[in-house]
Amino acid sequence: MNPWRRGRFHGSGPPQLLFGHMWEDPTLECRRFPPGARIFAIASAGCTARTLSAHGCHVTAVDLNPTQLAYAQSRGPHRPGAADRALALLRRLAPLAGWSTTHLETFLHLADPAAQLPYWRQHLDTARFRFALDTLLGPRVLRLFYRSPLLAQLPANFGAVLRQRLERGFARHPNRHNPYLHCLFAGVPVPSPDPLLPIAWHHADAAAFLLAVPRHSFDGLTLSNILDGAPPAYAARLHQAIAHAAVPGAPVLLRSFAEPPTPLTLDPAIEDRALLWGQITVPPPASAHSAQTTSRWPAPDTPAPPHPES
């Protein structure tokens with residue numbers, strides 16, 4: 001089962017609001033999707049869908065979680081989701097990691113990437129911070145809050161990997177102009193524009209929805225990280241659905257917290273100012289042979305291997 005279907009990171013009960021805003025930088029999508037394009041998006045908190053609509057795209061936004069979809073569609077005052085509350089708790093613990101308010105504010109207002117990384121390493125990347133991050137993002141702690149299929153997607157040393165991703169971003173993007181960094185470290189909400197064109201909102205599974213629409217309905221797709229924790233059978237089904245619904249050569253963005261199979265060079269994850277993603281991939285075309293596909297995108301006609309569920 002796709003873990004996003006439950007609408008909860010852990011435990012049982014009705015679906016929850018997981019994300020009050022999206023940790024995705026939609027400028028990546030705006031660079032690839034021209035105004036007037038027909039775009040399929042995962043609704044989540046609605047940020048990417050609204051930005052693409054403001055960009056002039058005709059957006060169809062879909063989500064499995066009815067609570068999340070209702071929030072994205074109404075998008076009244078910002079409300080923190082489960083993920084946002086967890087980050088807020090970590091921010092309150094920052095002084096225990098040796099972070100002073102002065103050093104943090106100075107760092108957030110730097111605008112020269114060449115100066116940002118040395119300042120980070122000197123003042124904020126403390127031994128206490130590294131120990132706390134490694135502990136809190138270790139498997140034993142994360143199992144208390146997240147389901148096993150989602151955790152299986154994360155690198156075993158996720159704390160160290162996340163610090164590397166942050167440093168990669170500090171060396172590339174000016175802190176002062178990065179709203180995702182200010183949100184991550186200071187809790188400042190990322191602004192989201194008002195839609196320019198109406199957004200079509202649907203409560204549905206992404207693969208099922210894409211298989212049901214007419215062939216070649218979309219000029220581009222942005223799928224968030226819906227395959228993190230999903231079984232290979234679902235990845236194969238989504239691959240088939242994209243091949244059906246997308247025009248040939250349509251750009252498709254799929255984010256993941258997983259590490260890339262090879263070191264990043266020109267991977268779009270480097271461009272994403274949210275700083276958290278391990279890779280942003282594009283699935284192979286439906287006609288690709290199995291030798292050309294990856295483990296995340298099984299060949300459509302190949303039986304998927306078993307996937308352990310907890």
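Scroll up to find the structure this text is about.
Residues numbered from 1 in each chain as written. Predicted model: local features only at pLDDT ≥ 70, side-chain atom pairs only at ≥ 80, totals over all residues. Heavy atoms only, no water.

Draft legend 1. Inspection of the pattern of salt bridges at higher detail. For the structure shown, the criterion picks out twelve salt bridges. In the salt-bridge network here, residues are joined through shared partners; they are E24, E29, R255 and D272. (Salt bridge = Lys/Arg side-chain N within 4 Å of Asp/Glu carboxyl O.)

Draft legend 2. Broad picture of the environment of W120. Of note, W120 is situated in helix α6 (residues 113-123). Those residues within four positions of W120 in sequence are excluded, and the remaining contacts are W99, F107, D125, F129, E167, F170 and F185. Of the polar contacts made by the side chain of W120, one reaches the side chain of E167; its length is 3.4 Å. (Helix = DSSP H or I, 4+ residues; strand = E, 2+ residues; numbered from the N terminus. Contact = heavy atoms within 4.5 Å. Polar contact = N/O pair within 3.5 Å; in protein donor to acceptor, adjacent residues only side chain to side chain.)

Draft legend 3. Representation of the nonpolar core within the structure. Ranked by internal contacts, the top residues of the largest apolar core, which has 47 residues, are W99, F107, W120, F170, F185 and W201. Of the residues forming this core, the biggest block, five residues, is contributed by helix α11 (residues 179-186). Look past the residues within four positions of W99 in its chain and what remains in contact with it is A94, L104, W120, L124, F129 and F185. Listed in part, the 26 residues of the second largest apolar core include L210, F218, A235 and A246. (Core = buried A, V, L, I, M, F, W, Y, C linked by side-chain atoms within 4.5 Å. Buried < 20%, exposed > 50% of the residue type's maximum accessible area, 1.4 Å probe, protein only.)

Draft legend 4. Here's a closer look at the state of the cysteines. Applying the stated rule across the entire model yields zero disulfides. Cysteine C30 shares no disulfide, and the gap to the nearest cysteine sulfur, in C57, comes to 6.8 Å. The class of C30 is partly exposed, set by a relative accessible area of 21%. Its relative accessible area of 0% is what places C57 among the buried residues. (Disulfide = S-S within 2.5 Å.)

Draft legend 5. Expanded view of the sheet that holds strand β3 (residues 200-203). The sheet built from six strands is open, its strands ordered β3-β2-β1-β4-β5-β6 with mixed pairing. Sheet topology places β3 and β6 (279-281) at the edges, where each strand pairs with a single neighbour. Shown here is a sheet whose adjacent strand axes are inclined to one another by a mean of 20 degrees, direction ignored. Where strand β4 (residues 220-222) and strand β5 (residues 252-256) come together, two bridges link them in parallel fashion. Within β5, the position partnered with T222 by the bridge is L253. Contacts from helix α2 (residues 47-54) reach β1 (38-42), β2 (58-63), β3 and β4, with the element oriented near 170 degrees to β2. Here helix α3 (residues 66-74) sits on the sheet in contact with β2 and β3, set at roughly 165 degrees to β3. (Pairing = 2+ DSSP bridges. Axes fitted to C-alpha atoms, helices over the stretch in contact; angles between N-to-C directions.)

Draft legend 6. Inspection of the packing of helix α5 (residues 101-108) against α11 at higher detail. Interaxial distance between α5 and α11 falls to 11 Å at its minimum, and their mutual angle equals 165 degrees. Considered as vectors, α5 and α11 are oriented roughly antiparallel to each other. Relative to α11, the crossing made by α5 is right-handed. Together, L104, F107 and L108 of α5 and L181, H182, F185 and A186 of α11 make up the contact between the two elements. (Parallel < 35°, antiparallel > 145°, perpendicular 65-115°, else oblique. Left-handed = near helix turned anticlockwise from the far one by under 90°.)

Draft legend 7. Up close: unusual backbone geometry. You will see that H216, though not glycine, has its phi angle at about 60 degrees, which is positive. Along the chain, the position of H216 falls in the loop between α12 (206-212) and β4. Note on H216: relative accessible area 30%, which makes it partly exposed. Of note in this structure, L275 is not a glycine but carries a positive phi near 75 degrees. When you line up the elements, L275 lands in the loop between β5 and β6.

Draft legend 8. Local environment of the side chain of T48. Note that T48 resides in helix α2. Residue classification places T48 among the buried positions, given a relative accessible area of 1%. If we skip the residues at most four places from it in the chain, T48 touches M22, E24, P26, E29 and T222.

Draft legend 9. Broad picture of the packing of aromatic side chains. Tallying each qualifying case throughout the model produces 14 aromatic pairs. Taken together, a centroid distance of 5.8 Å and an interplanar angle of 80 degrees make the contact between W99 and W120 edge-to-face. Linking W99 in the loop between α4 (82-92) and α5 with W120 in helix α6, this pair joins segments that are 21 residues apart in sequence. The residues W99 and W120 share a single accessibility class, namely buried. When the centroid spacing of 6.0 Å and the interplanar angle of 10 degrees are considered together, the rings of W120 and F185 count as stacked. Taken together, the residues span a long stretch of sequence, with W120 in helix α6 and F185 in helix α11 at a distance of 65 residues. Residue W120 is classed as buried on the basis of its relative accessible area, which comes to 0%. Through pairs of rings, three or more aromatic residues link up here, namely W99, F107, Y119, W120, F129, F170 and F185. (Phe/Tyr/Trp six-rings, centres within 6.5 Å; stacked < 30°, edge-to-face > 60°.)

Such coordinate-based values are descriptive only and should not be taken to indicate function.
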